[in-house]
Amino acid sequence: MSALLPLVAQGAMSRRGGRVLVGPVDLRLDGPGITVLIGPNGAGKTSLLSLLHGTARLSSGSITWACPLDEARHAQAFVFQRPVMLRRSVIENIAYPLRIRKVPRREALARAETAARRVGLGEMLNRYAPLLSGGEQQKLALARALITEPQVLFLDEPCASLDGRAMREIESILTAARASGTRLVLSTHDMGQARRLADDVLFLLRGRLHDSGPATTFFTRPETPQARAFLQGDIVE
Amino acid sequence: MVDIWNGMTQAVWLMLTLDPELVEISLRSLRVTLSALLVACTIALPLAALLAVRRFRWRRGIIALLNALMGLPPVVVGLVVYVILSRSGPLGVLGLLFTPTAMIVAQTVIIVPLIASVAHQSIRELWAEYHDLLISMNVSETQKIRTLLWDSRRALLTAALAGFGRAIGEVGAIMIVGGNIDHATRVLTTAIALETGKGDFGLALALGFVLIALAVAVNLSIHWLGRTERGDRW
Amino acid sequence: MKRILLGAALIAAATTAQAADVMKMAVTTSFNNSGLAEVLLPEILKDLDLEVQLLVVGTGQAIKLGEAGDVDAILVHSRPAEDAYLAGGYGTHRTEIMYNDFVFIGPSDDPAGIKGDDSAVAALQDIASAEAAFVSRGDDSGTHKKELELWTEAGLDAAGFGDWYNAVGAGMGAALNTAAGMNAYILSDRASWLNFGNKADLALLYSGDPVLFNQYAYLPVNPEKHPHVQSELVDKLEAWLVSDRAKTLIDGYQINGEQLFVFNAGVN
Ligand SMILES: Nc1ncnc2c1ncn2[C@@H]1O[C@H](COP(=O)(O)OP(=O)(O)OP(=O)(O)O)[C@@H](O)[C@H]1O
Ligand SMILES: [Mg+2]
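For clarity, every value in this text was computed on a predicted model and none was experimentally measured.

**Student:** What is the right way to read the overall build of chain B from this model?
**Tutor:** Scanning chain B from N- to C-terminus turns up 10 helices and 0 strands. Reading chain B from its N end, one meets helices and strands in the order α-α-α-α-α-α-α-α-α-α. Counting only C-alpha atoms, chain B reaches 65 × 55 × 30 Å along its principal axes. Here chain B holds 234 residues, and 51% of them are scored as buried. Within chain B, contacts between residues at least 6 apart in sequence are counted, and of these 73% link residues at least 24 apart. Roughly 10600 Å² of accessible area belongs to chain B as shown, and the carbon and sulfur atoms make up 68% of that amount. One way to put it: in chain B the 19 positive side-chain charges average out to a point 12 Å from where the 15 negative ones average out.

Following this line, the structure appears as structure tokens:
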């Protein structure tokens, strides 16, 4: 498969009923690494992620991948802020993306089982997924997203309802994915997590890309006063 | 005037002795209705899923039409099918009037809107739930439909059961297109109408009890099958 | 789920039997209710290896089925309708087979006093002048036509009757049920009455006037109009119906010791 990256967004904007949800945004993503998206509630993190992923309609501007859009769509995955569970067992949920890609059932289930063990769901393969706890559902969603070995993985607050130990496990899975060449774009409200994972940081405020840069410089010397205040835990209006 | 007790004992007697005529009529009832159900499901279920998934020009119109057709009087369906299948009608050459096939056609027409409407309701709900995920996974339309049909199979079973109930208890349409011919198109409901016409309430009631028992048995067994399929998984 | 349904359908399909030859014949409700069909059909199947499928309808509809070509032959009992049918070229010919008769049924205490009347017309006049409850088939059947004919002969117009005259628009059995419920007078064929299971307080009050005789005729559908008609089978059945074998069976058919039909094929 040809390379997806770089991803280039120019003046990308998402509008809904006359309201601007996010944009205009200019950005460029290239190579492996983890981009962390931060910003207050309603800043437009979710909207930007789905815009880049291609599930939200682009109202103006452009988003281009290095390969045709069809291929690009197949080589990405998305983990939702509110995980969607198929009304099936855990293992069948995780195997689903493989089944869609016509992987034989037996092989799909075997790979799904491995993936489930990696996120700590090995003991509940045959449980009915919609009845899992919130944290378990997030783990499932992550396993399901990773099973196709996407080149780009979008994650919308993937650890929002996880306990400390689960978070550590997930983070190690994410860094492993980065090591194997995946580009991750992840939103979070957890500044500790942002510092642990980020290679680059995007700071969104009221739909605009307010500040951005390599993690090392952003966390030590943020350029804007709002970013500084946000990092300190102050309320940013 | 009506001897319910007499009817009940006669019904029990007929069932216990596996009265050949009763067995024949019951099997024919089942055969006609199950065939109609099978045909109706293969039409209605994909249609219901398609209506949920694809936005096309006539979508709203078709949904409204299906809802309206749900209340279609069976007698009218029977009449229309009759006129079409009659030798002097457009499909007369097929020679289908007064055959079980004609009854299957009529029952199918009657239950397709019902099954499609009920199925569409639940598939639409499921689609609202799955929408973002399936769009994100870039799933093709056929795959969407298959996923939705499979994951709402319980609700679809209920829709099919509703269709079965309506079809097996229907008399107006199949009387018209089947003709209630002994050993050919006589089914439980038309036999009941006939026995009532003869003033033979005992036998009519017996047939009625068999009809009820049959409907209940099929409902229970489908529910039971649905449960075992799930097993002790959850 | 579908597999289960399919399996059940196959099992059901496997259990239905097939006869060698099959033809369809429209007959009137009164003929079928008499129970004679249950005697004749098995014999026909035995003798000719022919399964005759009966469509039990009113005379009006039987004629229509023949006209449309939806049956191979009809067996009815309404002379004017039969003549119009033949005149329209829908049938090849008309063969008289047998007759039975109509009877007046009413409340056993006979409030209109028709018992012992000397004609059918007199009985109807009694009912009308007493304005006793009367149930009419009202379904354009042979029996209904006969009833209207009799009212006309009695110099009365059924259309102008009051509340006591109830046209139910139903088959013989259903009409008898209604009469039993209302304790009303009704014109019925003898066979339907004898076979009727819900007699309640009704009784046979008047019969015997020759105008009440009810001639059954067999009319094949014209193959020139409907080429798919199975003329060969139709002819075979006709030959059987006028045979001595049929005569014995028809004349010998009894309910409660009463003969119902008189075979008269080939008499005229
Ligand atoms: N479909 C929609 N229609 C209208 N407004 C929307 C829609 N989706 C999001 N919004 C609005 O757009 C803005 C950005 O929403 P978004 O979900 O992107 O925020 P977010 O940064 O992800 O917030 P959070 O941290 O709470 O998840 C919000 O004000 C939200 O109410
Ligand atoms: Mg969000």
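**Student:** Help me understand the arrangement of the chains, please; the structure alone is not making it clear to me.
**Tutor:** Most contacts, compared over the 2 pairs of chains touching, are made between chains B and C. Regarding chain A and chain C, the two do not touch, and the least distance separating their C-alpha atoms is 17 Å.

**Student:** Looking at this structure, how should I read empty space enclosed by the protein?
**Tutor:** The gaps left among the atoms become clear once a water-sized probe is rolled over them. A complete count under the given rule lists 8 cavities of 30 Å³ or more for this structure. Roughly 140 Å³ of internal volume is contained in the largest cavity. Ala77, Phe78, Arg144 and Ala145 of chain A together with Met137 of chain B are, among the 16 residues lining the largest cavity, the residues nearest its centre. Among the secondary structure elements, those contributing two or more residues to the lining of the largest cavity are β5 (76-79) and α5 (134-146) of chain A together with α5 (100-136) of chain B. The greatest single-element share of the lining of the largest cavity, amounting to 4 residues, is contributed by β5 of chain A. A per-class count over the lining of the largest cavity returns 11 nonpolar, 3 polar and 2 charged. Reported here for the second largest cavity is a volume of approximately 80 Å³. As for the second largest cavity, its lining consists of Met25, Phe31, Ala37, Leu40, Leu41, Ile44, Val52, Leu54, Leu75, Leu237 and Leu241 of chain C. Contributing elements (two or more residues each) for the lining of the second largest cavity: α3 (36-48), β2 (50-57) and α10 (231-241) of chain C.

**Student:** Would you take a moment to explain the coordination of the magnesium ion (ligand 2) for this structure?
**Tutor:** As a benchmark, a tetrahedral metal site with four donors has ideal angles of 109.5 degrees, while an octahedral site with six donors has ideal angles of 90 or 180 degrees. Residue and element names in this part refer to chain A. Surrounding the magnesium ion (ligand 2) are the protein donor atoms Thr46 (OG1) and Gln81 (OE1), at 1.9 to 2.3 Å. Separated by 35 residues along the polypeptide, Thr46 in helix α1 (residues 45-53) and Gln81 in the loop between β5 and α3 (90-100) bring together distant segments of the chain. By relative accessible area, Gln81 is classed as partly exposed at 35%.

**Student:** Is there a simple way to think about the nonpolar core in this case?
**Tutor:** Among soluble globular proteins, nonpolar side chains are generally buried collectively. Counting residues in hydrophobic clusters, the biggest one holds 165 residues, and the most contacted among them are Trp65 of chain A, Ile115 of chain B together with Met23, Met25, Tyr218, Leu237 and Ile250 of chain C. Inspection of this core shows a minimum of three residues originating in each of domain 1 (2-99 + 213-267) and domain 2 (102-212) of chain C. Once residues lying within four places of it in the same chain are set aside, the contact partners of Met25 of chain C are Val52, Gln53, Leu54, Leu55, Val71, Ala73, Ile74, Leu75, Tyr218 and Leu237 of chain C.

**Student:** Just to check I follow, could you spell out the packing of aromatic side chains for this structure?
**Tutor:** The description of an aromatic ring pair rests on the distance of the ring centres and on the angle between the ring planes. According to the stated counting rule, one finds 18 aromatic pairs over all chains in the structure shown. Taking the centre distance of 5.6 Å and the plane angle of 85° together, the rings of Phe218 of chain A and Phe219 of chain A count as edge-to-face. Across the pair, exposure class does not vary: Phe218 of chain A and Phe219 of chain A are buried alike. Where Trp151 of chain C meets Phe161 of chain C, the ring centres are 4.8 Å apart and the plane angle is 70°; that geometry is what we call edge-to-face.

**Student:** Would you explain the side chain of Thr182 of chain A in this entry?
**Tutor:** Residue and element names in this part refer to chain A. Structurally, Thr182 can be placed in the loop between α6 (164-179) and β7 (183-187). One polar contact links the side chain of Thr182 to the main-chain carbonyl oxygen of Pro150, over a distance of 3.4 Å. Ignoring any residue separated from it by four or fewer positions in sequence, one finds Thr182 in contact with Pro32, Gly33, Pro150, Gln151, Val152, Leu153 and Ala177.

**Student:** What exactly am I supposed to notice about the site of ligand 1 here?
**Tutor:** Residues and elements named next belong to chain A. Not every one of the 14 residues close to ligand 1 is listed here, only the nearest: Gly42, Lys45, Thr46, Ser47 and His189. Measuring from an oxygen atom of ligand 1, one finds a backbone N or O atom of Gly42 at 2.8 Å. Here Gly44 contributes a backbone N or O atom positioned 2.9 Å from an oxygen atom of ligand 1. In isolation ligand 1 offers 630 Å² of accessible surface; the protein chains occlude 64% of this area.

**Student:** Can you walk me through the pattern of salt bridges in this structure?
**Tutor:** Pairing is possible between side chains that carry opposite charge, provided their charged atoms lie close to one another. Residues and elements named next belong to chain C. The full count for this structure, using the stated rule, is 25 salt bridges over all chains. We note a salt bridge from Lys146 to Glu149, for which the minimum N-O separation is 3.8 Å. Remark: Glu149 and Lys146 occur in helix α7 (residues 142-153); sequence separation between them is 3 residues, near one turn of the helix. Overlapping salt bridges, with partners in common, bring together Arg79, Glu82, Asp83, Arg94 and Glu96 in one network.

**Student:** Please explain the pairing of strand β9 (residues 213-220) of chain C as it appears in this structure.
**Tutor:** One face of the sheet, then the other: side chains in a regular strand alternate in exactly this way. Residue and element names in this part refer to chain C. β9 sits mainly inside the fold: 6 of its 8 residues count as buried. Bridging between strand β3 (residues 73-76) and β9 involves 4 bridges; their strand directions are antiparallel. Across the sheet, the residue bridging to Ala73 is Pro220, located in β9. Taken together, the 6 bridges between strand β4 (residues 95-107) and β9 define a ladder with antiparallel strand orientation. By the bridge assignment, Thr95 is partnered in β9 with Tyr218.

**Student:** Just checking my understanding: could you explain the interface of chain B and chain A for this structure?
**Tutor:** In many analyses, interface size is given as the accessible surface area lost on bringing the parts together. Taken together, the 17 residues of chain B in the interface contact 22 residues of chain A. For the pairing of chain B and chain A, the buried interface totals around 1900 Å² over both sides, and the portion due to carbon and sulfur atoms is 54%. Applying the counting criterion to the chain B and chain A interface returns 2 salt bridges. Linking Asp151 of chain B and Arg88 of chain A is a salt bridge whose minimum nitrogen-to-oxygen distance equals 2.6 Å. The interface formed by chain B and chain A holds 7 residue pairs in polar contact (both at pLDDT 80 or more) in total. Put simply, the parts of the chain that give the side of chain B that touches chain A at least two residues each are α5 and α6 (141-151) of chain B. Of the residues forming the side of chain B that touches chain A, the biggest block, 8 residues, is contributed by α5 of chain B. When grouped by side-chain class, the residues that make up the side of chain B that touches chain A number 9 nonpolar, 4 polar and 4 charged.

**Student:** Sorry, what's going on with unusual backbone geometry here?
**Tutor:** Outside of glycine, negative phi angles account for most residues, and trans bonds account for most peptide bonds. Residues and elements named next belong to chain B. Notably, Phe98 is not glycine yet its phi reads approximately 65°, a positive angle. If you trace the backbone, Phe98 turns up in the loop between α4 (74-85) and α5. You can call Phe98 buried: its relative accessible area is 3%.

**Student:** I would appreciate a short explanation of the environment of Met98 of chain C in the present structure.
**Tutor:** Residues and elements named next belong to chain C. Within the element layout of this structure, Met98 appears in strand β4. A residue is classified by how much of its surface remains accessible, and Met98, at 2% relative accessible area, is buried. Sequence separation between Met98 and Gln215 is 117 residues, and the spatial gap between their C-alpha atoms is 6.1 Å. Leave out the neighbours within four places in its chain, and Met98 touches Phe31, Leu36, Asn214, Gln215, Tyr216, Ile250, Phe261, Val262, Phe263 and Asn264.

**Student:** Can you walk me through the sheet that holds strand β8 (residues 200-205) of chain A in this structure?
**Tutor:** The pairing of strands in a sheet comes from backbone hydrogen bonds and takes either a parallel or an antiparallel form. Residue and element names in this part refer to chain A. What the 6 strands build is an open sheet, ordered β5-β6-β7-β3-β8-β9; its pairing is mixed. The sheet terminates laterally at β5 and β9 (208-214), the two strands that pair on one side only. Across the sheet, the mean angle from the axis of one strand to that of its neighbour is 15°, orientation sign disregarded. Relative to β7, strand β6 (residues 152-156) runs parallel, the two sharing 5 bridges. Residue pairing in the sheet places Leu155 in a bridge with Leu186 of β7.

The rules behind the values
Residues numbered from 1 in each chain as written. Chains lettered and ligands numbered in written order. Predicted model: local features only at pLDDT ≥ 70, side-chain atom pairs only at ≥ 80, totals over all residues. Heavy atoms only, no water. Helix = DSSP H or I, 4+ residues; strand = E, 2+ residues; numbered from the N terminus. Buried < 20%, exposed > 50% of the residue type's maximum accessible area, 1.4 Å probe, protein only. Contact = heavy atoms within 4.5 Å. Areas by Shrake-Rupley, 256 points an atom, 1.4 Å probe, with all protein chains shown as cover. Lys, Arg positive; Asp, Glu negative; His and termini not counted. Charge placed at Lys NZ, Arg CZ, Asp CG, Glu CD. 1 Å grid on protein atoms, 1.4 Å probe; cavity = no way out; pocket = protein on both sides within 12 Å on 5 of 7 lines; lining within 4 Å. Points joined across faces, edges and corners; volume = space filled by probe spheres on them. Nonpolar A, V, L, I, M, F, W, Y, C, P; charged D, E, K, R; others polar. Donors = N, O, S within 2.8 Å, 3.2 Å for Na, K, Ca; no water. Core = buried A, V, L, I, M, F, W, Y, C linked by side-chain atoms within 4.5 Å. Domains from an automatic or database assignment. Phe/Tyr/Trp six-rings, centres within 6.5 Å; stacked < 30°, edge-to-face > 60°. Polar contact = N/O pair within 3.5 Å; in protein donor to acceptor, adjacent residues only side chain to side chain. Near = heavy atom within 4 Å. Salt bridge = Lys/Arg side-chain N within 4 Å of Asp/Glu carboxyl O. Pairing = 2+ DSSP bridges. Buried area = accessible area lost by both parts, 1.4 Å probe. Axes fitted to C-alpha atoms, helices over the stretch in contact; angles between N-to-C directions.

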